[in-house]
Each structure stands twice: as structure tokens, then as C-alpha cells.
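Examination of the molecular architecture
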Amino acid sequence: MSARLLIGTALLALSTPLAAQDFAITNATVATGDGSDPVVGGTVVVRGGKVVAAGSGVAVPAGVQAIDGTGKWVTPGVFAAVSDLGLADSEGVSESNDTSARGSPFGAALDVSPALNPASQHVAVAREAGITRASVYSSPTGSIFGGQGAIVDLGADGNMVVRPRAFQIVTLGEAGARIAGGSRVSAHALLRNALRESRQYGSDSRIVGGGRNAPLETGDDIPVDPRLVDNSAERDDVLLTRFDAAALVPVVNGSQPLYVVVERASDIRSVLALRGEFPRLKLVLLGASEGWMVASDIAAADVPVIADPVDDLPSSFEQLAATQSNVGRMVRAGVKVALGRLIGTTGEQPKNLMQFAGNLVSLTRVPGATGLSWGEAFAAISSIPAEIAGFGDRFGVLKAGAAGDLVVWDGDPLEVSSAAERVFIDGVEQPRGSHQKRLGDRYRDLDESDLPKAYDW
Amino acid sequence: MNTFRLMLTASCALALAACSTTEGTNDTASTRAATAINKDPYPSTYRPYPGAPTALVGATVFDGAGGRIEGGTVLFDGGKVVAIGGADLAIPTGYTRVDGSGKFVTPGIIDIHSHLGDYPSPGVSAHSDGNEATDPTTPEVWAEHSVWPQDPGFSRALANGGITSLQILPGSANLMGGRSVTLKNVASRTIQGMKFPGAPYGMKMACGENPKRVYGGKGRMPSTRMGNLAVNRQTWLDAKADDGKKRNLATETLKGVLAGEILIQNHCYRADEMALVLDMAKEMGYKVAAFHHAVESYKIADLLKANDVCSAIWADWYGFKMESYDGIPENAAYLQNAGACVVIHSDDANGIQRLNQEAAKAQAAGRRVGIEIPDETVIRWLTLNAAKAMGIADLTGSLEPGKMADVVLWNGDPLSVYSRPEKVWIDGALMYDANDPKRRPVSDFELGQPGEGDVK
């Protein structure tokens, strides 16, 4: 009984919400995430869970606890664009893996938010690495539509979701063609049919934002879920389920961005051309390995890109022109580019975002290559993905009014030898500790002279 | 020049073949059989390309063997390292001086675990040549018979990763996947033109989930870990019992392992399974050169040290499958701290371009728990330790006089994310130069296609 009580108390302690602190970090190298260069001897002030001020010449208000940041770097938390954080405990363990749904009867209607698990080890590892926000998507497998992704925070609390149904994802190119029945031709037909069906359905069903009905602004981060609107609209088309058609209404009316997985230059042109038929589409390109070849077109269309950071292999026929200079060339052409699409826990796990951003900086020293400045590279993993997610000035940046998401690093965050030392989300300092950390503690030595390792915890 | 190279090739091939027929076991019958077998039927035709006598001066030199020289000098000529020393090392006349001030020199980087060529780019199904997944034991297949020399991945590994040698392994679907091949990272029309002269063969083995999943899924043995061990043991016993009267390619590979001529490269994640394999190796009479993907090596660092087995590992991959769930970033540091052999590997056409960065991450993870590992030791994880586990440490892997002049000049500290190879020499020949757009290989596949000859 007493043991159970103790355990209960411990669990209670763990589940007690952590309080936001008012604090300032002083005399640190501060990078605000807005693309500017880091400032030495800077200060960041956080109050009520939000950034009050950041930069040089910032005074610490009276009554705010000052943390000496000498020798440290302070940045906004990193934003992992298009991740699968919280959707799997182990990708290879199919029982634990919710990143895709090949056998689902639904496509566009899928919504990742109820499946998210903030207690996943991968969330903890990413958080300890300095990632505070992410977009999470469901990978298209059974349908060309993956469904609706969410914007999340990685805080050690019970709720990851910041904005559910924040974007829809569709895959075109080689993968979409296979799903669509075997060709890009079919994928484009499926996409157009889906958008037309949902436009008609939105109108007939009087879903807000559908057809001629004006979009409804809820004023918060929780969009209306058109799938759940009761209606008796008749439907002639039968390719989309009612649920899928309803889910695409916000895509057609431009209130929900459509993330399009596309790599080849010609495929990118075809995607940009979609707006000729569906003018309100709010497009975001994912991947875009050959984006540098059509960078001026992408820039002219004002379509942002979430790029694979350092792809440089012709790993498929749609990526023949892949080069690590892709991101740099697109940025030089005026395209808004975030780094992302790091999924899983192998070579492209989200915590490698900083390393890959650093690699793009290293290209500035390679003759003929096009890289990014340090400030640009850090912005590509902080403020820019936040802007693309619809959270510009709120996440991924240290400026007055932004969320108190910040990371104290033991050195240059883009350098592979550096690490996050302290992580704050909404002004709440995040606990450290994970399965990995506990294993590391246990096996720091192999001494079992008194008891087996299983007693060392 | 081409004629000259071909002539050299032919004579050396004969010499190698002659050499390789002299080995055998103590058993008279099998010795007779062995003498009839050409153990090198697909001999290396690689010959070093022309190089100039070169003096790298003024750089920080990591020699690969754990040494570090500030403002060092490295001399190479005739494809071999001639001398290495400080600023006071005399430079003979006729050497081209390359200024390395502010730069770093390492031996060529070696990847012990690659599938370039047997799973090449583009990764279309027609190129899926890494797993002969039709039988759980296929010691008879040789990776070199799958490797496509036109894989563009070789050039990325050279230019971005400074890779000069690499071992191409069969995949891990099978308990015994077949022979590996060690290559020089030199573009060639044929695989023979890439083969590392004098490198021993390896044999790929795999523990755990993959073989039991692949074959269990086909309704055949093994479908469990106990099945894995049973099939392995019976296969070894059958090979030992083979009288050699009729040539059997599988048995020849296995007997090569038992004779110590072929090195075991064993895919194995979990500590408990590695411990079982070590006992199986003792039971059957062979040695494991390295456990690959050994994410749990840190749990048995003592055992691995005692058995002199290297751990070929990633810096921080973990949790992507059940048997990798206990991977920790301190793995390399804990192994090093225990005196066990660490090798950083890629298993990945992208990761092979950044082995130096992976090593730096593993080093830093150690530092954060109080294990300081000098930079010069960390470089050894990518060079001499890899060479040791591949059986080529007498030939390459460190900048010792007489060894192959496989050398990388980095434009900064190779353990920094901001550094890249500036020049790469293989056997003293300049095969990559960041300052010369033409001094980089472009594979046949890339010609006339978007991105041909681009920086990658």
C-alpha cells in the first residue's frame, strides 16, 4: 500500500504542469532566427511564457531572474518541418507505427492529431536536441493524399497539438503515380477530380468556406473541421468518400495549405500550373530536389519549399539533378526555403537538422557551390519553417511577443560537436531524460560486482 | 598509357593468382583440392594513376594511427607515403609543395560498410542487387558480381566524404549473405578495376530480425532467433564435413573463413546476440572481425575488447527497429573508454559522405559524459581501425612510410561541420580537387542528363 502510494505520488509529481518562468539569459551569443547573424554578448528576456526582448543592449527587468549565458549560445527552438514525431515508437515495429495507413479507406480525411503521442522517445530525443516545434504529417500510401497534418510543440506535457488539421499533403511524382494506379497522368486526374468533387460538395453542403460560402475565421488556432458538419447534400461523384471530400474543402478554398511532394523540375512546373485551375490553392512544395532548375518559376509563384537539405544523389529518375547547392540556389532566386522532411531515427532524424544546416554553410567554402550564410541556414530551421506553418513571428524567432521557445547551447548550434543544454517551451524549462539517457547512465561502467545491471536505476 | 596499364594488369593478375593457390588447410585431401582452385578468379586490375611527388606542408596532420602533428609535412611519391614529420622534415627536390596552412590532412577515409554499387543510384528495382534473398545462407554469392561501377554514389563519397577505400557488403536478409569486396574508390569501367589489390575477402553474416523475418515470412526456417543460430551452426558443420571432392562455392567461402583468409563482417545489433555469436565462432573455429550496426556494443564493451572484435557503428541511429531501440549516442565513447575497437560506418549512400561528421558527433557525446577522446584518436575510427577490421591495415589506413598514399587535404578541421575535402589522393594520384571542376568523376549514368558535372 505504501509503495503504491509512493509510486502514485511520484506519478503525480511528474504529471504536474510545469510553470512558465520569467527569466533572462545574459551575455550569450544570441541568434534570433530571423536570418541575421548571431550577436555576441546578447540578452534574451522571457516573461509570461513569451519573449519580451532579444539582442544586444537589452536590459534585464527588475525582478526577472538572470541566467549567466557566458560562453553559451541562445537561439529560438528549432522547428522540424514535416516530421513524424509522435507517430511512432519505432518505425520498424509496425504495431507502434502510425506514420502511414496503406489499408485505410480514407485519404484526405485522415487527421494525425488524435494519434500523436508526446511520450514517444523520439519526441524526447528531438526535444533534448533543441527542437521545440514541428509539423507532423501522415505519409501518403493508400491514397495520393496523406491526410491532414498538425503543428505541434514538443513540450513534456500531455498535449502536443498546437494546430490540428493545419495542412493537407498530397504526393505527386513517382510515388504518387504508383499510388494513383501507375502513372503521373492518373495522379493528376485523381487530384483534379478530388478538388472538383470537394468544391462541389463544399458548396452543396453549405460547409463554411465551401463553394460560395464565406470562410469562417475562428480567431484561434483550431480550424473548423468540415468533416463533422452534418448535412444532407446529395453527391453524384463517388470517387471520394464524403469524409474525404469534406476534408478537402479548406484546401480548395485556400484556408488550409496543400503540401505537395514533388521532386522533378517538370513535375514542379505542373504543380505550379494547378493554380490556373484552382486559383485559391495555397501550395507548399516538399522535396523539390530539382527546384534549382525552376527556381525563378517557384519564386514568381511565391510558393515556399520545404526541402530535403543535402540530397545530392540521383536516387531516382525524378532527382537526377539533385545537388547540395539546391537550397542555396533557390534562396538566391528568391524562394522561401525551409529545411525539413527529416523523418525516422536513422540518418535523417529531426535532430540532424542543425547538422544539415551547418553543411549548407560549409558549401560557402566549396568553389562553385552555393551555400547559405549562418543566419540564413539557421532561419531555414527556425523562423522560415514556422512562417510556412502559419506561425510567423510566433515560433522559431526571438522577438517581442514570440513564444518563449528557446535553447541554450554549449556552442554554435550548427556545429556537430555542440549540443542543447537547456530547452524552454512557452517559457517552461523542459525536463531532461529519456530511455537513451537512462541507458547511458546505467552503462557508464560495466561493474556488476555487487548486483546485476538491472538493479542499477 | 592505356596499353602500359593493361600490360601491368595482366602480369600482376598472374602473380596474384599464383600466390593465392598456395594456401590450404592441413588436411591432405583438401590441400590437393585447394591447389586446384584459383582463389582469385576475378583479380584486381586496378593500377594507381599517375601522381607527382607531393609535399603537403603546414597542415595539422592526423596520421590515422592516433598521432597528430601541428604544421606537419607529409611526403608521398610513387603512390606511397614516403615520410611524415614536422615542419623540419626535409623536402627532397622535385616535390610539388601543397600549402596546407590552416588546413588538415588525414589518411583517406574508409567505410567498412557500404552498399554502393550493389544498391546503386538510381534505386530502381532493376538495381536491387544486394540481397540474394532466396536462401538464408548464400556464402556462394560474391558482392563484386553485383556492384555497378557506374553508381554515382562513389563520386559523392569521394568528393564530400574523402572516401578512398570501402567495403561493399551483401545485404542482411540472409544469415550468411555472401562475400564482400573491398574497393579503391576509383572510377572504373569494370569492378575489377576498382578492387583493392591484396585485400582479403569478407563474408557478411546477419543476426536478429532480418533473416528471421525474411524467411519466416516465406514459411521456412529460420523464423526465430533460435532458428537463426541452428541454421548457422548446421551450415558451418556441413562445410567442415565437406570433403572437397566436388567444388562447392558456398563451402569454399566458409572454409576460407575457417582458414582465417576471409574475415567475418557480422551485422548484429543486440549485445546478447553478439555474445552468442562469439561463442558460436569459438565453437566452429572462426573469428569475427567486426560487428556491424552494433548499437548495443556498449553493453558488452569488455567482452568485445577481450575478443578483439571491432564495433562498426553509427554515431546516433537508434530506435528505427526493435533491435535498435537501445542505441545511445555514447556507444563509441564507451567502447573507446573500455579499450575496444571503434569503427564509424555508414551503410548509407548519404551517410558515407559525412563519416567525419558522424565521428565528431560520437566524440562530443562522450565529452558530455566526461569521456575526452582526442581528435587524433577519433580520426582513427574512420581510417586505421576500419582498415584493421577489413584486413588492409598493412596497406592503408594511416600515413606511415611505405603505405598507400591515400590522403585527404581538408579545408578545415575534419571534425567540424564546416569542413570539406579540398583534395583527395588515391595511391598518390589526385582524384578529386575542389578547385578544379574537371577533377571529379562523373559516371556514365550522369552524362547528358540534368546536373551532369555539377557540384554535388
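Quick caveat: nothing in here was measured; it's all calculated off a predicted structure.

Attention now moves to the overall build of chain B. Tallying secondary structure elements over chain B gives 12 helices and 16 strands in all. Radius of gyration (C-alpha) of chain B: 22 Å, near the 23 Å computed for a compact globule of 456 residues. Viewed in the frame of its principal axes, chain B has a C-alpha envelope of about 60 × 55 × 50 Å. When the 456 residues of chain B are sorted by exposure, 58% land in the buried category. Intrachain contacts of chain B at a sequence separation of at least 6 include 69% that bridge at least 24 residues.

This part is about the nonpolar core. Val44, Val260, Leu285 and Ala357 of chain A together with Val343 of chain B are the most contacted members of the largest nonpolar core, which totals 271 residues. No other element matches helix H5 (residues 242–252) of chain A, which puts seven residues into this core. With sequence-adjacent residues up to four places away left out, Val343 of chain B is seen in contact with Ile112, Ala290, Cys310, Ser311, Ala312, Trp381, Asn385, Ala386 and Ala389 of chain B.

Moving on to the packing of helix H4 (residues 184–204) of chain A against H5 of chain A. All names here are of chain A. Running from N to C, H4 and H5 point in directions that differ by 95°, and their axes come no closer than 8 Å. Taken together, the axes of H4 and H5 are roughly perpendicular relative to one another. Between H4 and H5, the residues in contact are Ala194, Leu195, Glu197, Ser198, Arg199, Tyr201 and Gly202 and Ala245, Ala246, Leu248, Val249 and Val252, respectively. For the contact of H4 with H5, the per-class residue count stands at eight nonpolar, two polar and two charged.

Facing 48 residues of chain B, the contacting portion of chain A comprises 45 residues. For the side of chain B that touches chain A, the element with the highest residue contribution is helix H10 (residues 355–367) of chain B, accounting for four residues. Residues that form the side of chain B that touches chain A fall into these classes: 22 nonpolar, 13 polar and 13 charged.

So, about the confidence of the model for chain B. Predicted confidence across chain B gives a mean pLDDT of 93, with 92% of residues reaching 70 or more. Confidence metrics for the complex model read pTM 0.93 and ipTM 0.92.

Moving on to the packing of helix H5 (residues 225–241) of chain B against helix H7 (residues 271–284) of chain B. Residues and elements named next belong to chain B. Between H5 and H7, whose axes approach to 11 Å, the crossing angle comes to 20°. Taken together, H5 and H7 sit at an angle that is classed as roughly parallel. Crossing of H5 over H7 shows right-handed handedness. Across from Leu229, Asn232, Arg233 and Trp236 in H5, the residues of H7 making contact are Leu276, Met280 and Met284. Counted by class, the contact of H5 with H7 contains five nonpolar, one polar and one charged residues.

Residue and element names in this part refer to chain A. Spatially, the eight strands line up as an open sheet ordered S6-S7-S8-S9-S10-S11-S12-S13, and their pairing is mixed. In this open sheet, the two edge strands, each paired with only one partner strand, are strand S6 (78–83) and strand S13 (337–339). Adjacent strand axes in the sheet meet at a mean angle of 25° when their direction is disregarded. Across six bridges, strand S8 (residues 145–153) lies against strand S9 (residues 161–171) in antiparallel orientation. Opposite Gly149, over in S9, you have Phe167 as the bridge partner.

Cis rather than trans, the peptide bond between Ser121 of chain B and Pro122 of chain B has omega equal to -5°. Mapping Pro122 of chain B onto the fold places it in the loop between strand S6 (109–114) and helix H3 (153–161). The phi angle at Val82 of chain A is positive, at roughly 60°, despite the residue not being glycine. Relative to the helices and strands, Val82 of chain A resides in strand S6. Residue Val82 of chain A is classed as buried on the basis of its C-beta count, with 29 C-beta atoms lying within 10 Å.

Now for the pairing of strand S10 (residues 263–267) of chain B. The side chains of a regular strand alternate between the sheet's two faces. All names here are of chain B. The buried count for S10 comes to four of five residues, which makes it a mostly enclosed element. By the bridge criterion, five bridges tie strand S9 (residues 202–206) to S10 in an arrangement that is parallel. Bridging across to S10, Met205 finds its partner in Asn266.

All names here are of chain A. The buried count for S6 comes to six of six residues, which makes it a mostly enclosed element. Sheet analysis places S6 next to strand S7 (residues 131–136), joined by four bridges and oriented parallel. When the bridges of S7 are listed, Val78 appears paired with Ile131.

Calculation criteria
Residues numbered from 1 in each chain as written. Chains lettered and ligands numbered in written order. Predicted model: local features only at pLDDT ≥ 70, side-chain atom pairs only at ≥ 80, totals over all residues. Helix = DSSP H or I, 4+ residues; strand = E, 2+ residues; numbered from the N terminus. Rg over C-alpha atoms; globule rule 2.2 N^0.38 Å. Buried ≥ 20, exposed ≤ 12 C-beta atoms within 10 Å, placed from the backbone. Contact = placed C-beta atoms within 7 Å. Core = buried A, V, L, I, M, F, W, Y, C linked by C-beta atoms within 7 Å. Axes fitted to C-alpha atoms, helices over the stretch in contact; angles between N-to-C directions. Parallel < 35°, antiparallel > 145°, perpendicular 65-115°, else oblique. Nonpolar A, V, L, I, M, F, W, Y, C, P; charged D, E, K, R; others polar. pLDDT = per-residue confidence, 0-100. Left-handed = near helix turned anticlockwise from the far one by under 90°. Pairing = 2+ DSSP bridges.

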